[in-house]
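Residues per chain, in single letters:
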Amino acid sequence: MLAAQAPDSITMEVSREAFRNAMSVLAAAVNVVTTDGPAGRAGFTATAVCSVSDEPPSLLVCLNRSASVYETFCANGHLCVNTLTADQQALSNLFGGKTSMTERFATADWSTECTGAPLLDDALINFDCRITNRVAVGSHDILICEIVSIRQRECGDSLIYFQRSYCNAIQLMSAQHG
Ligand SMILES: Cc1cc2nc3c(=O)[nH]c(=O)nc-3n(C[C@H](O)[C@H](O)[C@H](O)COP(=O)(O)O)c2cc1C
């Protein structure tokens, strides 16, 4: 049996900074979330993406209500979660920065499947989804998304955000196994 380790610190009144510091050690896949439709085309980088249920197949995306893309996603009612490969760091920065929508979409190739949301052609996985519910929590909306199609590459390495910088899944695995 493993011996219990004493924690290095315990924070009781959790500030915004303490929360952010704690979240920085949760390694997360990096996604570019996109939409297109009557309200226009938009996209942003997101790590707050998570599986919800396999029946119906669904996931959630947390979107800041103050983001410039917020109204566009709500009005279109559908989105695509494009999970990035290890070599797509520049795309993550473009969709995560204060860049225009034209610039964000200019450097990659896109196609459409069921909903009309842009699918990134070189992504590791594309989840084409309908937004079925929205729940407001603090500064963000949780978008509940029912997956209508999945396009997946045979193999590839995933881009990971960990301790406020980028690395990749194979690097993390080799660090763990020595
Ligand atoms: C690595 C990374 C992860 C991010 N994750 C999220 C997220 O999960 N949810 C979110 O609302 N914004 C997230 N952002 C911030 C948005 O991508 C960013 O606010 C947006 O693209 C810029 O918004 P603007 O159009 O309002 O300028 C993330 C940014 C980066 C660089």
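This section reports on the structure supplied with the text. (Residues numbered from 1 in each chain as written. Predicted model: local features only at pLDDT ≥ 70, side-chain atom pairs only at ≥ 80, totals over all residues. Heavy atoms only, no water.)

## A closer look at the overall build of the protein
Threshold: Numbering of helices and strands runs from the N terminus, with a helix taken as a DSSP run of H or I at least four residues long and a strand as a DSSP run of E at least two residues long. Only C-alpha atoms enter the radius of gyration; for comparison, a globular chain is expected to reach 2.2 Å times N to the power 0.38, where N is the number of residues. Should any heavy atoms of two residues lie within 4.5 Å, those residues are considered in contact. As used throughout, the charge tally considers Lys and Arg to be positive and Asp and Glu to be negative, leaving His and the chain termini uncounted. To locate a charge, take atom NZ for lysine, CZ for arginine, CG for aspartate or CD for glutamate.
Counting its secondary structure elements, the protein contains five helices and 12 strands. At 17 Å, the protein has a C-alpha radius of gyration in line with the 16 Å of a compact globule built from 178 residues. Across its three principal axes, the protein shows a C-alpha extent of roughly 55 × 35 × 35 Å. Excluding contacts between residues fewer than 6 apart, the proportion of contacts in the protein whose partners are at least 24 apart in sequence is 64%. Averaging the locations of the 11 positively and 18 negatively charged side chains of the protein gives two centres separated by 8 Å.

## Some words on the sheet that holds strand β12 (residues 165-168)
The condition that has to hold: One requirement defines pairing of two strands: DSSP has to find at least two bridges between them. Lines fitted to C-alpha atoms define the axes, with helix axes restricted to the stretch in contact, and inter-axis angles between N-to-C directions lie between 0 and 180 degrees.
In spatial order, the strands read β1-β11-β12; together these three strands make up an open sheet with antiparallel pairing. At either margin of the open sheet sits one strand with a lone partner, and together these are β1 (28-29) and β12. Pairing of β1 with strand β11 (residues 159-162), which is carried by two bridges, proceeds in the antiparallel orientation. Its bridge partner lying in β11, Ala 28 is registered against Tyr 161. Sheet strands in contact with helix α5 (residues 169-177) are β11 and β12, and its direction is about 75° off that of β12.

## A few points about the nonpolar core
Heads up, the rule is: Each nonpolar core is a collection of buried residues, namely Ala, Val, Leu, Ile, Met, Phe, Trp, Tyr and Cys, held together in the definition by side-chain atoms within 4.5 Å. Partly exposed residues are those whose accessible area sits between 20% and 50% of the maximum for their type, while under 20% is buried and over 50% is exposed, using a 1.4 Å probe and protein chains only.
Ranked by size, the top nonpolar core spans 21 residues in total, and within it Val 33, Phe 44, Leu 59, Val 61, Phe 73, Leu 79 and Cys 145 carry the most contacts. At the level of secondary structure, the elements contributing two or more residues to this core comprise β3 (42-46), β5 (57-64), α2 (70-76), β6 (78-83), β9 (125-137) and β10 (140-152). In contact with Leu 79, other than residues within four places in its own chain, are Val 33, Thr 34, Phe 73, Ala 117, Phe 127, Asp 128, Cys 129, Ile 131, Leu 143 and Cys 145. Judged by nonpolar contacts, the second largest core, of 12 residues, contains Leu 84, Phe 95, Trp 110 and Ala 123.

The values reported here are purely geometric and, on their own, carry no functional implication.
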